Protein chains: 2
Amino acid sequence: MSETANRIIEVMTELIQSRGYSAVSYQDISEAVGIRKASIHYHYPSKADLGVAVIRAYAASLMEQLREVEEDANSTAQDKLNAYFEPYLGFKGNDRHVCLCGALAGEYFALPEVMQVEVTAFFAAHQKWLADLFAASQESGELRMSGSPVQVARLFFDALQGALLARRAVDDDSQIDDVVATLKALVF
Amino acid sequence: MSETANRIIEVMTELIQSRGYSAVSYQDISEAVGIRKASIHYHYPSKADLGVAVIRAYAASLMEQLREVEEDANSTAQDKLNAYFEPYLGFKGNDRHVCLCGALAGEYFALPEVMQVEVTAFFAAHQKWLADLFAASQESGELRMSGSPVQVARLFFDALQGALLARRAVDDDSQIDDVVATLKALVF
DNA sequence: GTCTATACAAAGATAGAC
DNA sequence: GTCTATCTTTGTATAGAC
């Protein structure tokens, strides 16, 4: 993938996390990247193509961040859960971004179908990752569980997604801290 | 408020809950209401005016639904919390709508400032309603509390908002049921 | 690969007749 | 209050030169 193609992905990712997909135009991308509108089409023929590429890169990046703790045989369930929280805590700061797929889910039926498929896959994959972790820790007794692994996974994932929306709306980073702390208290 | 003005609000509310604000055009509203584009401008001069009116009507409607249980001196903390869950459970069905303000929060920085203010107020009001409930039930001992009233309120509200996004993305109503059940188990 | 130029449709909005 | 007609800007996208 060329350097320009990469920059376009980066810029589009940030724009969607700030405004959503529908509100982003080729003009916006063009100005942020520093190339002409037509050049964007060379790398990504349509806006839907770009949207799909952005979601895939975002999803892969998050899963990549989990690989280390996953592959370490010494990592505990606590380590893994803390690793999962990391990206959400990383959202704290001044740009008030939300999760890319959280933003896209809010405008789901405005998205091209090829993008809807990717958003659905993202949600399913993350809930499954958490559910697998909780299922394993239930057997080993590492975490305190109140509810089935699937139910607890859904609560965790949904609360984190909601926390990003809330901290943006009320402009208060402690929204994320509070939810992470409360979730930890439930299982640690 | 005229009957047409009301219909426009209803239609716009549904469209935003399905696609988000940015992706809704006067053409879309026009077709759904059965009037011409220019007639919409008569009732709401700009799209931002319409957006503000929609959020206010939506927020008022939700708070209205809570009034009965709030004013009943016999209602318990459990009753009140169950009443709060009601609208979220009401989302279950075929149209896969999300909370109006949840959708708007996802495209927050694409919104006119007058709308951002309303979205922020909605989030703050709902978290406060829950926090007040939890604070009162902490004194009375009616609910089991793990964390401060504000923290628990944030977890509840955020998880419910996230559950709407998730059940839309994966097209499974049990997402809402699971989160509500798990939240109930935490405090009942 | 990036550019200029342009096509074509759709956007939000207004004027003025009825 | 609703309409037709129109304005102006912006949207995504393509053709073809460099």
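Residues numbered from 1 in each chain as written. Chains lettered and ligands numbered in written order. Predicted model: local features only at pLDDT ≥ 70, side-chain atom pairs only at ≥ 80, totals over all residues. Heavy atoms only, no water.

(A) Structural context of the interface of chain A and chain B. At the junction of the two partners, chain A supplies 44 residues and chain B supplies 44 residues. Summing both sides of the interface, chain A and chain B together bury roughly 3,600 Å²; the carbon and sulfur share of this comes to 63%. On the surface where chain A and chain B come into contact, there are 4 salt bridges. Note that Arg 154 of chain B is salt-bridged to Asp 178 of chain A, the shortest N-O span being 2.8 Å. (Contact = heavy atoms within 4.5 Å. Buried area = accessible area lost by both parts, 1.4 Å probe. Salt bridge = Lys/Arg side-chain N within 4 Å of Asp/Glu carboxyl O.)

(B) Quick peek at unusual backbone geometry. Of note, Asp 171 of chain A is a non-glycine position whose phi angle comes to about 55°, a positive value. Structurally, the position occupied by Asp 171 of chain A is in the loop between α8 (149–170) and α9 (174–187). (Helix = DSSP H or I, 4+ residues; strand = E, 2+ residues; numbered from the N terminus.)

(C) Inspection of the relation of the copies chain A and chain B at higher detail. When chain A is fitted to chain B, the residual RMSD is 0.0 Å, and the transformation amounts to a turn of 180° plus an axial shift of 0.0 Å. Seen this way, the second copy is the image of the first under a two-fold rotation axis. Within chain A, Ala 159 of chain A has its C-alpha nearest the rotation axis, a separation of 1.9 Å. The residues that chain A uses at the interface reappear at the interface of chain B in 100% of cases, marking a shared surface. (Least-squares fit on C-alpha atoms with pLDDT ≥ 70 in both.)

(D) Local environment of α8 of chain A. Residue and element names in this part refer to chain A. With 22 residues, α8 extends 31 Å from end C-alpha to end C-alpha; this agrees with the ideal 32 Å at 1.5 Å per step. In terms of residue burial, α8 counts as a mostly covered element, since 19 of its 22 residues are buried. Just past α8, the residue Asp 171 takes up positive phi, approximately 55°. (Expected span 1.5 Å × (residues − 1). Buried < 20%, exposed > 50% of the residue type's maximum accessible area, 1.4 Å probe, protein only.)

(E) Fine view of the packing of aromatic side chains. All names here are of chain A. Summed over all chains, the structure comprises 18 aromatic pairs over all chains. Counting every residue linked through ring pairs, the aromatic cluster contains Tyr 58, Phe 122, Phe 123 and Phe 157. The ring of Tyr 21 carries the charged tip of Lys 47 above its face, separated from the ring centre by 4.3 Å. (Phe/Tyr/Trp six-rings, centres within 6.5 Å; stacked < 30°, edge-to-face > 60°. Lys NZ or Arg CZ within 6 Å of the ring centre and 35° of its normal.)

(F) Seen up close, the nonpolar core. Counting residues in hydrophobic clusters, the biggest one holds 135 residues, and the most contacted among them are Ile 29, Phe 123 and Leu 183 of chain A together with Ile 29, Phe 123 and Phe 134 of chain B. When neighbours within four sequence positions are excluded, Ile 29 of chain A is seen to be in contact with Ile 8, Val 11, Met 12, Leu 15, Val 24, Ile 40 and Leu 50 of chain A. (Core = buried A, V, L, I, M, F, W, Y, C linked by side-chain atoms within 4.5 Å.)

(G) The arrangement of the protein's contact with DNA strand C in detail. Lining the immediate environment of DNA strand C, one finds 16 residues, of which Arg 36, Ser 39 and His 43 of chain A together with Tyr 26 and Lys 47 of chain B sit closest. In the environment of DNA strand C, a phosphate oxygen lies 2.6 Å from a nitrogen or oxygen atom belonging to the side chain of His 43 of chain A. For DNA strand C, a base nitrogen lies 3.3 Å from a polar atom in the side chain of His 41 of chain B. Counting residues per element, the ones that place at least two in the surface near DNA strand C are α3 (37–43) of chain A together with α2 (26–33) and α3 (37–43) of chain B. It is α3 of chain A that provides the largest number of residues to the surface near DNA strand C, a total of 4 residues. (Near = heavy atom within 4 Å. Polar contact = N/O pair within 3.5 Å; in protein donor to acceptor, adjacent residues only side chain to side chain.)

(H) The arrangement of the pattern of salt bridges in detail. This structure, assessed with the given rule, holds 20 salt bridges over all chains. A salt bridge links Asp 173 of chain A to Arg 167 of chain A, with the nearest nitrogen and oxygen atoms 2.8 Å apart. Note on Asp 173 of chain A: relative accessible area 27%, which makes it partly exposed. Taking the shortest distance from any N to any O, the salt bridge between Arg 67 of chain B and Glu 64 of chain B comes out at 3.0 Å. Residue Arg 67 of chain B and its partner Glu 64 of chain B are both found in helix α4 (residues 47–71); the two are separated by 3 residues, about one turn of the helix. Given the relative accessible area of 39%, Arg 67 of chain B is considered partly exposed.

(I) Region of interest: the packing of helix α5 (residues 77–90) of chain A against helix α7 (residues 113–140) of chain A. Residue and element names in this part refer to chain A. Across the interface, α5 lies against α7 with an axial gap of 10 Å and an inter-helix angle of 160°. Between α5 and α7, the crossing angle belongs to the class labelled roughly antiparallel. Crossing of α5 over α7 shows left-handed handedness. Residue-level contacts link Ala 77, Lys 80, Leu 81 and Tyr 84 of α5 to His 126, Trp 129, Leu 130, Leu 133, Phe 134 and Ser 137 of α7. Here the contact of α5 with α7 is built from residues that sort into 7 nonpolar, 2 polar and 1 charged. (Axes fitted to C-alpha atoms, helices over the stretch in contact; angles between N-to-C directions. Parallel < 35°, antiparallel > 145°, perpendicular 65-115°, else oblique. Left-handed = near helix turned anticlockwise from the far one by under 90°. Nonpolar A, V, L, I, M, F, W, Y, C, P; charged D, E, K, R; others polar.)

(J) Main features of the protein's contact with DNA strand D. Every one of the 16 residues lining DNA strand D counts as a neighbour, but Tyr 26 and Lys 47 of chain A together with Arg 36, Ser 39 and His 43 of chain B are closest to it. Among all atoms of DNA strand D positioned within 4 Å of the protein, those belonging to sugar or phosphate total 66%. The separation between a phosphate oxygen of DNA strand D and a polar main-chain atom of Arg 36 of chain B is 2.7 Å. Elements supplying a minimum of two residues to the surface near DNA strand D: α2 (26–33) and α3 of chain A together with α3 of chain B.

(K) Summary view of the environment of Ile 40 of chain B. Residue and element names in this part refer to chain B. Summarising the element assignment, Ile 40 is placed in helix α3. The class of Ile 40 is buried, set by a relative accessible area of 0%. For the pair Ile 40 and Ser 30, spaced 10 residues apart in sequence, the C-alpha separation works out to 7.4 Å. Ile 40 has contacts with Ile 8, Tyr 26, Ile 29, Ser 30 and Ile 35, leaving out every residue within four places of it along the chain.

(L) The packing of helix α1 (residues 3–19) of chain A against helix α4 (residues 47–71) of chain A, seen in detail. Residue and element names in this part refer to chain A. The interhelical angle for the contact between α1 and α4, taken along N-to-C directions, is 90°, at an axis separation of 9 Å. Classified by the interaxial angle, the pair formed by α1 and α4 is roughly perpendicular. Of the residues in α4, those touching α1 at Ile 8, Ile 9, Met 12, Thr 13, Ile 16 and Gln 17 are Lys 47, Leu 50, Ala 53, Val 54, Ala 57 and Tyr 58.

(M) Region of interest: the state of the cysteines. Residue and element names in this part refer to chain A. Per the counting criterion, the structure on display carries 0 disulfides over all chains. Residue Cys 99 stays outside any disulfide, its sulfur separated by 5.2 Å from that of Cys 101, the closest cysteine. Its relative accessible area of 2% is what places Cys 99 among the buried residues. Its relative accessible area of 0% is what places Cys 101 among the buried residues. (Disulfide = S-S within 2.5 Å.)

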